[in-house]
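The residues making up each chain are set out below.
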Amino acid sequence: SGYDRAVNGTYGLVNINQREVNADFLLSYTKAYDKWDFNASFGGNIRDTKNANSTIGNQNRTGLEIPNLFRISNIAPANLRYENTESHRRINSLYGVLNLGFANTLFIDITARQDWFSTLPEGDNGSFYPSISASLLVNELVDLGPKVSLLKLRAGYAEVGNDPLPYAINNVLDADGGFWGSAPTLTVPGTLLNPTYTAELSKSWEAGLELALFQNRLRADATYYSARNTNQIFDVDFPSSTGFSSRRINAGETSSEGFEASLGLTIVDTDSWNWNTSFIFNTNVSKIVDLPEGTSFIRLWNDARGGAYSWEGDEIGQLVDARMVRIEDPNSEYFGWPVIDQGGFEDSDRTLQDADGNRVADVIGNFNPDFNVGMTTSVSYKNFTLSMNFDWRKGGQFVSQTYRYNESDMRTQRWLDKLVDLSDVDDVPGFLRANADRYLSPDGDFYVLVGGPTAESGGLEHTEGGITLNDGVFMPGVIVDDAGNIIGENLGGPGTITTRYQDHYGWDFTRNATFDADFIKLREISFTYALPDHFLKNIGFTKASVSLFSRNIILWTAADIGIDPETAFQPSTGGVGDTGVLFKQGIERYNANPWAIPVGVQLNFGF
């Protein structure tokens, strides 16, 4: 039936044509004077790209006329989908570079670049980007003794820009592939474009050091960086009375700060044995500093009533979820209890922000890690070498749609274990009241369900369609009418509303399918034999080796649900405050592939 559930299969043809032409010139001048080294360059570039794509195939979820006959002629004319897109983009650039060196100790690099973008308004389409960086070899300036091989200090500042996609400044009619009778239709885009865009701008600085000790047997490198991104291109909500659902503007500011470090060790270095190990550490935090007027959040993607949303001052990448509706009157005896509608389900009147645009949703995680650590180790004995690469991710969360679909179909033990079996409790309402801090409080268990899919697992008697089964559950709380008035308790006593277990998964809450993204991986392991020199001379090579390698040997995950957290991404479809990301990060759907451990042999030769 195909991925999109098309009847009898689906078929289509896609033609992709891409062309890029670059033209460059570069003039350079070099001069050495006393202790100074001087190098200057001036150049330019024209980058011209054209894309032309066409598609013909099934409309979504429409199938072939004859099963498995994959021909365009086997698609009903009314079900054909046509798409044809073309784009042309050019960037003209001039740039200059100045490199200065003094006594092999101090180095300064200065650059300047001017770009003119074809995608920006004519006459106001230029952007200027300077940069400067400097480094100082302290060990050349001061005698640090024989144990210090290198001590370098460095710092730099840079500005870079980015233009919008082609044809983003003027609203034009779009041929959407639809028909009115036999005539093709044209549509007006839902987003009001901006004819006065300016290029996005990123200003960043960094500082770091490099250190080598004991004849380079201990090597370290550390960098701290900070960046500010302004003039970003956003889609913001627009009154529908204008004929557009959103408008695109230049506004907003984000910040990013991070730290990167590496450490290399030569643990053993003899004529026969050699053991090298290196570590790489990185961490980064990005935040929303300022948002345009009329925009209260950036939505990278949404899921149920939550998703990846960030309000002003929040970290980018945070995952939020709507709160469960509860009794908010502190004077009520039911204060804090979940509100249950007359169908037996949790109240669906949930929002992510209040009328003033302030976030009221719960932050349930962030798809970015706290930090990443990579490790490479290599042990050699004469001509034999064993190498391994490890990766460790600490922190962060992801949403698994694959697991959600399976879990809502009663295919996971995790959800069964969440159910509260009170079949051996004589006074269920009394028990729930006595344990209100766990079963009825916002500080207790989330999404409590009493019952189960069978009588043996605590399932309650439930009648539906004239059939009575022991597959009932109920959510503890208070029942309200359509006006929001409390009309009864839902604690297992008289008046309690039960539902079928399989209908009460809690699909609307993102946190029910959110998992920790920590993992440890042994990405690759290899065993190599280098052919000896005397053999190489006989066969005419300068070097040659044979390696036996494998990948994906070990994967440990904190989630332990059979899904690799690194597969938590999907193609982006945009949203309010869309920043143009190509992938939705932190959410996976159908990315759960069988675990494969390849084994291969690699031959390397040098002449």
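Look up a bit, the structure's there.
Presented here is an overview of the structure given in this document. Just so it is clear, the structure is predicted and the values come from calculations on it, not from any experiment.

Calculation notes
- Residues numbered from 1 in each chain as written.
- Predicted model: local features only at pLDDT ≥ 70, side-chain atom pairs only at ≥ 80, totals over all residues.
- Heavy atoms only, no water.
- Helix = DSSP H or I, 4+ residues; strand = E, 2+ residues; numbered from the N terminus.
- Buried < 20%, exposed > 50% of the residue type's maximum accessible area, 1.4 Å probe, protein only.
- Contact = heavy atoms within 4.5 Å.
- Areas by Shrake-Rupley, 256 points an atom, 1.4 Å probe, with all protein chains shown as cover.
- Lys, Arg positive; Asp, Glu negative; His and termini not counted.
- Charge placed at Lys NZ, Arg CZ, Asp CG, Glu CD.
- Pairing = 2+ DSSP bridges.
- Axes fitted to C-alpha atoms, helices over the stretch in contact; angles between N-to-C directions.

Description of the overall build of the protein chain
Then step 1. Check the secondary structure of the protein chain and you find six helices and 34 strands.
Then step 2. Projected onto its principal axes, the C-alpha positions of the protein chain cover 95 × 65 × 60 Å.
Then step 3. Counting every position in the protein chain, which comprises 607 residues, the buried fraction comes to 36%.
Then step 4. Taking the contacts inside the protein chain whose residues are at least 6 apart along the sequence as the reference set, 66% of them involve residues at least 24 apart.
Then step 5. Summed over its atoms, the accessible surface of the protein chain is roughly 33,900 Å², and 54% of this surface lies on carbon and sulfur atoms.
Then step 6. For the protein chain, the distance from the average site of its 46 positive side-chain charges to the average site of its 77 negative ones is 9 Å.

Here we look at the sheet that holds strand β16 (residues 318-321)
Then step 1. Taking strand neighbours across the sheet as the criterion, the four strands line up as β14-β15-β16-β18 in an open arrangement whose pairing is antiparallel. For this open sheet the edge positions go to β14 (297-303) and β18 (362-366), each flanked by a neighbour on one side alone. Taken pair by pair, the neighbouring strands of this sheet meet at an average axis angle of 35°, ignoring direction.
Then step 2. The sheet contact formed by strand β15 (residues 306-311) and β16 spans two bridges and is antiparallel. Bridged to G307 within β16 is V320.

A closer look at the sheet that holds strand β33 (residues 587-588)
Then step 1. Pairing in this open sheet of three strands is mixed, and the strands run β28-β21-β33 from one edge to the other. Of all strands in the sheet, those bounded by a partner on one side alone are β28 (514-516) and β33.
Then step 2. For strand β21 (residues 397-400) and β28, the ladder comprises three bridges, and the chain directions are antiparallel. Residue Q397 lies in a different strand from β28, and its bridge partner there is D516.
Then step 3. The strands touched by helix α2 (residues 401-408) within the sheet are β21, β28 and β33, with β21 carrying the most contacts at an inclination of about 50°.

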